[in-house]
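# Descriptive structure summary
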Amino acid sequence: MKALLALMLLSAPARAAVSINASVNKTTVALNDQIVLTVTVSADASSLPEPEMPSLPRFNVHSAGRSQSMTFINGRISNSAEYTFVLVPRLIGNAVIGPIGAHAGSQNAQTEPIAVTIVRPEEAPQQPAQPAAPAAGPPGRPQRGARTGGGAAPVFVTAEVDKKNPFVNEQVVYTVRFHYAVPLLGNAEWAPPNTTGMLSEDLPPSGHQTASIQGRTYNVSEVKIALFPLTPGEKTIGKGSIRCQVQKGVEVDPFASDFFRQFFSAGLTMGEPVTLETSPITLSVRALPEAGKPPGFGGAVGRFKAKAVVDNASVKAGDAVNLTYTVEGSGNLKALADPSLPDMPEFRVYETVSSLNQTKDGTGVRGSKVYRTVVVPKVSGDLTIPAVQFHYFDPAQQRFVSAATDPIVLQVAPGEAAQAPVGFSAAGQASATAITTLSEDIRHVRSRPGADAVRAAAAAVAGAGWLHALPAALLVLSGAFAAWRDRYEQDPVRARARRAGRAAEERLTRSRSAKGLHESSALVGEALVVYLADRLALPPSGLTMRQALEQMRKRWPALPEGHIEQVRRLWAEMERIRYAPTTVRDADVAQLRDAVHELLKALEEATGR
Amino acid sequence: MRALPLTLLLLAPASALASPPPERLEAANRLYEASLFTEAADSYRELLAQSPHSAALHYNLGNAYFRQGTPGALGKAIASYFRAFRLDPRDGDIRANLDFALRRSGEELAPAGMPPAVFLLYNLLSARELAALFWLAFWAACLSGSAAFLAARARAAVRPVAFAAAAGAVFFGAWWALRLSSGFKAPAVVTLQDAEVRSGPGENFPVNFKVPEGRRVERLDEKGPWFEIGVPREGLKGWILKTSVEPVG
């Protein structure tokens with residue numbers, strides 16, 4: 001009968017069905033906000049596949065935790081894990097969270113795409129955040145008949161760890177045992193404890209056992225978790241809980257001779273929900289000792305071995321050799337740092353890729369981490385790949401241990417490139433003369449200042465400010481002047497009138513130094529006649545006094561009559577001097593010159609010049 | 001009138017024209033080569049106070065910061081390299097070191113998708129050189145234009161010069177305007193690892209995101225001890241303490 005019950009509780013399905021669903025707490029998010037993506041993976045198997053997240057270029061994705069629950073349904077295990085991701089939007093626009101996949105063997109499942117709109121902070125709707133999952137009801141209080149410390153109750157749960165004073169990063173196995181002496185009417189649901197400050201790895205459930213406690217026989221189901229404390233100090237494993245339904249009032253002894261009668265009659269009775277909680281456990285985590293810590297220690301804690309192999313020990317220079325370096329043992333393999341390979345100047349060493357092979361059992365996590373790289377011998381001869389040192393802390397011995405691989409000797413024959421004539425090596429072609437970059441660094445300091453004066457001059461010119469307005473102002477003034485000058489040159493009548501006064505004064509000046517009365521008086525007469533001709537736009541030759549006086553009255557109607565009379569008088573005096581030169585004296589010419597000068601000045605003023 | 005640009009140069013502060021004395025530069029370099037990077041950085045800073053336009057000094061100071069390897073040193077190194085790059089974008093060593101340092105903060109000198117040749121051509125001249133060339137061409141165009149207006153007889157000979165200078169002013173002006181409208185206008189470099197950027201200028205505002213040390217950001221505004229910054233690559237903005245960034249402009 002025990003075997004039958006154990007078989008019912010433990011029998012695994014032939015094909016593990018997997019399902020996945022995803023939900024977000026909001027579909028419109030502001031740029032300064034965030035949304036919570038909840039992914040739930042379920043499978044009726046002991047191990048759960050990890051969700052495969054799609055590329056989310058519009059978000060920064062942060063993992064916010066994982067919670068796992070395990071359900072026992074008539075001997076079958078239903079496993080469910082809920083992954084929470086916080087998505088912080090990076091770019092405004094419409095984003096799509098693509099299908100998230102999960103694969104378990106030949107079974108595949110994926111979620112539907114979720115459309116999310118990312119808006120500016122001021123455009124964000126004021127909507128309350130929707131819960132990512134249906135809200136859970138109030139936790140059931142511990143029920144009568146249930147207890148957490150062991151004893152003769154029909155169901156109870158215990159929790160323990162294999163060590164309470166581990167070192168940092170040392171593996172601690174946390175074991176929860178669910179005892180029940182009655183048939184379970186519903187599904188027993190396991191909610192793991194809070195393990196802040198520790199990495200956790202779920203271990204596979206062990207087989208069902210039976211135990212006799214205080215004269216009562218119990219079925220015992222175990223859940224195990226491997227924990228790795230990250231920092232020294234007090235770390236608390238919180239309360240884990242199991243929720244189940246037991247038969248109310250009537251207890252059925254699965255080992256009694258009338259089990260089937262009790263079992264079927266129990267189906268007619270009501271079930272009673274029971275919530276069992278484990279007690280918190282506090283670990284006192286010790287720091288790794290500083291004494292004896294080797295340089296290059298990467299934090300590995302556990303028990304490990306290291307080995308290195310090559311796929312071919314006899315090659316030609318320039319041929320690729322696959323170097324495989326393996327660390328295996330028990331401990332937190334995921335946290336192992338990449339090995340630091342020794343300097344190998346005779347080889348060109350390419351990038352290292354690693355893969356993790358991890359196995360879990362009831363005692364913890366073990367497995368191997370494999371690092372693969374390609375090395376290419378650059379020269380021929382017997383070349384040695386030096387030993388690779390791997391340091392770890394062994395908590396059992398409480399000391400640091402160094403595991404070294406064996407050196408590997410390669411027999412390298414001259415390669416084709418080395419035998420060929422040395423020449424220019426095009427990019428991408430491997431040859432013995434190719435330059436290998438061993439490391440990258442910044443370039444060295446300058447010992448000469450360079451063309452600082454040119455830069456300073458450029459800065460001075462660029463920073464001259466309002467001084468740059470000067471040429472523009474000059475250009476504008478020059479253009480204005482040129483326009484005025486062009487217009488002036490295109491109107492000869494006005495130009496002649498403008499020049500009249502100055503030309504007449506020049507003639508009067510010349511008359512003072514002229515030789516002889518005739519020439520001097522002629523210049524004075526010319527000054528008056530040409531002035532009037534220029535101002536009245538008349539030809540100077542043949543201009544008569546009558547014409548001049550008529551035009552003056554016509555052009556300048558506001559001109560005082562005295563001015564016109566003075567013109568007539570001087571004109572007559574000028575003709576007298578011209579036609580009776582023998583009676584003329586120097587004083588007459590000088591007097592006439594002064595009178596013409598005064599007249600011209602009066603005319604200029606009277607006509608607005 | 002044609003001598004006016006030269007006059008402007010003569011009016012420029014003498015300190016701006018001075019290069020660092022070779023013997024003092026050599027002394028600072030000896031400190032650097034003796035791995036006394038803090039002392040070397042002090043010496044370079046003293047020299048920069050006298051020769052602020054020396055790209056070589058900014059470059060050497062960036063090297064001294066980079067070698068220090070202390071918290072904040074990477075950001076200061078990038079700020080110094082960036083100043084050197086803005087002064088002399090044609091210098092291959094400056095570009096190499098700036099790019100090398102930027103990669104440590106998750107950035108690259110050339111924008112993603114831009115061919116290297118285009119980036120080099122676009123940065124062939126510094127913004128100051130472009131401005132200076134624009135103003136010189138502007139002066140030449142205005143002066144030759146004025147000469148063409150005033151000297152009617154020489155107008156035919158001067159006119160091609162004026163047009164060529166005007167075309168040069170348009171070309172360099174457009175290039176300069178393009179440079180000013182693109183890239184960083186008021187840059188700064190983050191000098192604190194995972195510097196917190198908040199949604200407002202105060203500790204009571206929530207932290208929106210964190211910026212790694214060495215990341216170049218744009219200064220948008222300031223209020224008290226806070227800068228409002230934009231992170232062009234991610235399209236984010238927020239408020240950061242002034243003590244967490246070093247302005248470059």
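Residues numbered from 1 in each chain as written. Chains lettered and ligands numbered in written order. Predicted model: local features only at pLDDT ≥ 70, side-chain atom pairs only at ≥ 80, totals over all residues.

Once that is clear, we can look at the overall build of chain A. When helices and strands are tallied, chain A shows 10 helices and 30 strands. Evaluated residue by residue, chain A yields a buried proportion of 28% over its 609 residues. Considering only residue pairs separated by 6 or more positions, chain A has 72% of its internal contacts joining residues 24 or more positions apart. (Helix = DSSP H or I, 4+ residues; strand = E, 2+ residues; numbered from the N terminus. Buried ≥ 20, exposed ≤ 12 C-beta atoms within 10 Å, placed from the backbone. Contact = placed C-beta atoms within 7 Å.)

Turning our eyes to something else, we now look at the sheet that holds strand β2 (residues 28–30) of chain A. Paired through backbone hydrogen bonds, the strands of a sheet run either parallel or antiparallel to each other. Residues and elements named next belong to chain A. Taken in spatial order, the 3 strands line up as β2-β9-β6 in an open sheet, and their pairing is mixed. The sheet is open, and its two borders are formed by β2 and β6 (93–97), each paired with just one other strand. On average, each strand axis in the sheet is inclined to that of its neighbour by 30°, with strand direction left out of account. Looking at chain direction, β2 and strand β9 (residues 114–119) are connected through 3 bridges and run parallel. Paired with T28 across the strands is T117, a residue of β9. (Pairing = 2+ DSSP bridges. Axes fitted to C-alpha atoms, helices over the stretch in contact; angles between N-to-C directions.)

On to the sheet that holds strand β22 (residues 314–316) of chain A. Residues and elements named next belong to chain A. The strand order across the open sheet formed by 3 strands is β22-β30-β27, and the pairing between neighbours is mixed. Two strands bound the open sheet, and with one partner strand each, they are β22 and β27 (381–385). Neighbour-to-neighbour, the strand axes of this sheet turn through a mean angle of 35°, independent of strand direction. Here β22 pairs with strand β30 (residues 408–413) via 3 bridges, running parallel. Within the sheet, the bridge partner assigned to K316 lies in β30 and is A413.

Bringing the confidence of the model for chain B into the picture now. The predicted coordinates of low-pLDDT regions are not to be read in fine detail. All names here are of chain B. A residue-level look at chain B finds 93% of positions with pLDDT of 70 or above and a mean pLDDT of 88. Between residues 1–16, whose pLDDT stays under 50, and residues either more than four places distant or in other chains, the model counts 24 contacts. The ipTM assigned to the predicted complex is 0.81, against a pTM of 0.42. (pLDDT = per-residue confidence, 0-100.)

This brings us to the packing of helix α9 (residues 127–150) of chain B against helix α10 (residues 155–181) of chain B. Residues and elements named next belong to chain B. Where α9 meets α10, the closest approach of the two axes is 7 Å, and the angle between their N-to-C directions is 155°. Comparing the axis directions of α9 and α10 gives the class roughly antiparallel. Of the two possible hands of crossing, α9 and α10 adopt the one that is left-handed. Considered class by class, the residues forming the contact of α9 with α10 number 21 nonpolar, 4 polar and 3 charged. (Parallel < 35°, antiparallel > 145°, perpendicular 65-115°, else oblique. Left-handed = near helix turned anticlockwise from the far one by under 90°. Nonpolar A, V, L, I, M, F, W, Y, C, P; charged D, E, K, R; others polar.)

Now for the nonpolar core. Core analysis: the largest hydrophobic core is formed by 45 residues, its most contacted members being I78, Y81 and L98 of chain B. Ranked by residue count, the leading element in this core is helix α6 (residues 73–87) of chain B, at 10 residues. Counting residues domain by domain, this core receives three or more from each of domain 1 (16–122) and domain 3 (187–247) of chain B. When neighbours within four sequence positions are excluded, Y81 of chain B is seen to be in contact with Y59, G62, I94, N97, L98 and A101 of chain B. Counting residues in each nonpolar core, the second largest holds 36 residues, with L283, V321, V365 and L410 of chain A among its members. (Core = buried A, V, L, I, M, F, W, Y, C linked by C-beta atoms within 7 Å. Domains from an automatic or database assignment.)

This part is about the packing of helix α5 (residues 55–68) of chain B against helix α7 (residues 92–103) of chain B. Residues and elements named next belong to chain B. At a closest axis distance of 11 Å, the pairing of α5 and α7 adopts a crossing angle of 30°. The orientation of α5 relative to α7 falls into the category roughly parallel. When the axes of α5 and α7 are compared, the crossing they make is left-handed. The segment α5 lies against α7, with A55, Y59, G62, N63 and F66 engaging D93, I94, N97 and A101. Here the contact of α5 with α7 is composed, by residue class, of 5 nonpolar, 3 polar and 1 charged.

Moving on: the interface of chain A and chain B. Facing the 35 residues of chain A at the interface are 49 residues of chain B. Mapped onto the side of chain A that touches chain B, the elements with two or more residues apiece are α4 (452–462) and α5 (469–489) of chain A. Sort the elements by how many residues they give to the side of chain A that touches chain B and α4 of chain A lands first, with 10 residues. Here the side of chain A that touches chain B is built from residues that sort into 22 nonpolar, 6 polar and 7 charged.

Now for α5 of chain B. Working note: α-helix, 3.6 residues per turn, so residues spaced by three or four point in the same direction. Residue and element names in this part refer to chain B. Over its 14 residues, α5 extends 20 Å from the first C-alpha to the last, a length consistent with the 20 Å expected when each residue adds 1.5 Å. The buried fraction of α5 is high, at 13 of 14 residues. Note on α5: the residue one or two positions beyond its end, G69, has a positive phi of about 65°. (Expected span 1.5 Å × (residues − 1).)

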